[in-house]
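An overview of the molecular structure
Here is what each chain is made of, one letter per residue.
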Amino acid sequence: MPKITQYKKGAVVFFKGDTDDRIFILQQGLAVSMTVDIETKLRLNERIRAGEFFGVKSALGQFPREETVSIEEDSVCISMTVPEFETMFASNTQIIMKMLRVFSGQLRQVHRKTESILHKDDEINQVSGMRAVAQAFFDDEQYRSCCDVCLSFLKRYPDYPGRLDVAKLYTNAKLKAQAQVVVPQDKVPDERYETYDEEAYSYDEALRQFDLPAFQRFAKTYEPGQVIICEYEPGDSFYLIQSGNVRLVKCVNGTNKNLDILRPGEFFGEMAILDNSPRSATCLAADDVKCLAFNKANFDLLVTGNPKMAIKLLKLFCKRIYDQKHRLKILTIADLPARVAEVLVLLEEMSQNTKRSDKRRVDTTINDIARWAGLPADTTRYEIDKYVSRKKIQVYDTYIIINSITDMKRLASSSQISRE
């Protein structure tokens, strides 16, 4: 049952770094949320007024509190667990849609700050951005993906002055794709996924709702390497994965880097639906994929008609905001050894490895770490070599072994690493 609590002026509801699953509504009085800006390190205060929610993102996203909330005048708060919140508000269309749009805006804001740091010396727009994505796929010898981006580009920008260059890139990519010899091989499960619970692969209740024949008209299939949506292009649809895996890729400084792997039951492309913004990443099929594609016109209907889907989207936004803030934080760390350590911690978190030993494997390369850290490859290699010499990590061609994730987290939070 939700709990009603009275707070005196000066009381603290929760501190930054606290971990709990409660969501709050300020029923009466006035409270203040205090955070620290990631870039400027200045303290930011935001007033919470009667009727407003707080503590939502950290509770739904299951991460530590990012703010401290204190009471400005005698107040009354209602607190509830996540299951209680779902029971009470999942069917409240107005509140859920408002939260989705607020969280979408927050995610976009953090994303733009990250982009401004990564591309501070570049003029990136939708046209030049898509062109860079296509070239990056070509340079990585992912010719099928390059062809898909080029075709999308030529369709969207038929009057682009450099259209012939894009058409030539497409022709070259197509020829190379046809020349590639694919050697059939048995599929070997990635060891990162072998420890997942069976639930990770099973349809949840929200996904089962879309197995009905009525939804088959929204179904689309994709082959391995086929681009589903391209970074920088306008967004006019979002997707629910029914089968297969979808790879998220982002182009940074002319190179595509992997962000995540999405699996059945997960959504992508929803952010552009909510705030009419360009795509923030490229999504391509990692294997044979079946998706349901929905447009803006039926987004509201789907959310209002499927409360579990709405809650799932809320949790997704909360987690993505947290991850994007983590990436932004990395780029603002002045101490380079700490920055590299923070990248290793982030990549380990993203790997979702359920093995709980302190020794962890991260599938990454030094060049990948350099891109995440926003550093030159030579600088990154120098910092990595220092960790190797101190036996903190072991470096291989396609992966890195972190000898102690606990120790690496300590190093990531320390500004005195080089003096140890």
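1. A short note on the pattern of salt bridges
Tallied over the full model, the rule gives 17 salt bridges. In this structure, Arg 144 engages Glu 223 in a salt bridge whose closest nitrogen and oxygen atoms are separated by 3.0 Å. On the criterion of sequence distance, the pair formed by Arg 144 in helix α5 (residues 143-156) and Glu 223 in the loop between β7 (219-222) and β8 (227-229) is long-range, its members being 79 residues apart. With relative accessibility at 30%, the residue Arg 144 sits in the partly exposed group.

2. Observations regarding the packing of aromatic side chains
Here the structure, examined in full by the defined rule, presents 15 aromatic pairs. Here the aromatic rings of Phe 53 and Phe 89 are separated by 5.3 Å at their centres, their planes lie at 80 degrees, and the arrangement is edge-to-face. Here Phe 53, found in strand β5 (residues 53-54), pairs with Phe 89, found in helix α2 (residues 82-89); they are 36 residues apart in sequence, far enough to count as distant. Given a relative accessible area of 23%, Phe 53 falls into the partly exposed group. Owing to a relative accessible area of 11%, Phe 89 belongs among the buried residues under this scheme. Here the aromatic cluster, defined as three or more aromatic residues joined through ring pairs, consists of Phe 218, Phe 238, Phe 267 and Phe 294. Against the face of Phe 14 rests Arg 65, its NZ or CZ located 4.1 Å from the ring centre.

3. Overview of the environment of Leu 313
Residue position: Leu 313 is located in helix α10 (residues 307-331). Residues Leu 313 and Glu 270 lie 43 residues apart in sequence; the distance between their C-alpha atoms is 8.5 Å. Leaving out residues up to four positions away in the same chain, Leu 313 has contacts with Leu 100, Phe 267, Glu 270, Phe 299 and Val 303.

4. A short note on the sheet that holds strand β10 (residues 246-252)
Taken together, the 4 strands give an open sheet; going across it, the order is β8-β13-β10-β11, and neighbouring strands pair in antiparallel fashion. Looking at which strands have only one partner, the edges of the open sheet turn out to be β8 and β11 (255-262). Each neighbouring strand pair of the sheet contributes to a mean axis angle of 35 degrees, computed without reference to strand direction.

5. Section: the confidence of the model for the protein chain
The predicted model of the protein chain has a mean per-residue pLDDT of 84, with 88% of residues at 70 or higher. Predicted confidence is poor over residues 183-203, with pLDDT under 50, and the contacts of this stretch with residues over four places away or in other chains come to 21 contacts.

6. Focus on the sheet that holds strand β16 (residues 393-395)
What holds strands together in a sheet is hydrogen bonding between their backbones, with the strands either parallel or antiparallel. With antiparallel pairing, the 3 strands of this open sheet are ordered in space as β15-β17-β16. Of all strands in the sheet, those with a lone pairing partner are β15 (360-362) and β16, marking the two edges. Neighbour to neighbour, the strand axes of the sheet diverge by 20 degrees on average, direction disregarded. For β15 and strand β17 (residues 400-402), the ladder comprises 3 bridges, and the chain directions are antiparallel. Residue pairing for β17: Arg 360 is matched across the bridge by Ile 402.

About the thresholds
Residues numbered from 1 in each chain as written. Predicted model: local features only at pLDDT ≥ 70, side-chain atom pairs only at ≥ 80, totals over all residues. Heavy atoms only, no water. Salt bridge = Lys/Arg side-chain N within 4 Å of Asp/Glu carboxyl O. Helix = DSSP H or I, 4+ residues; strand = E, 2+ residues; numbered from the N terminus. Buried < 20%, exposed > 50% of the residue type's maximum accessible area, 1.4 Å probe, protein only. Phe/Tyr/Trp six-rings, centres within 6.5 Å; stacked < 30°, edge-to-face > 60°. Lys NZ or Arg CZ within 6 Å of the ring centre and 35° of its normal. Contact = heavy atoms within 4.5 Å. Pairing = 2+ DSSP bridges. Axes fitted to C-alpha atoms, helices over the stretch in contact; angles between N-to-C directions. pLDDT = per-residue confidence, 0-100.

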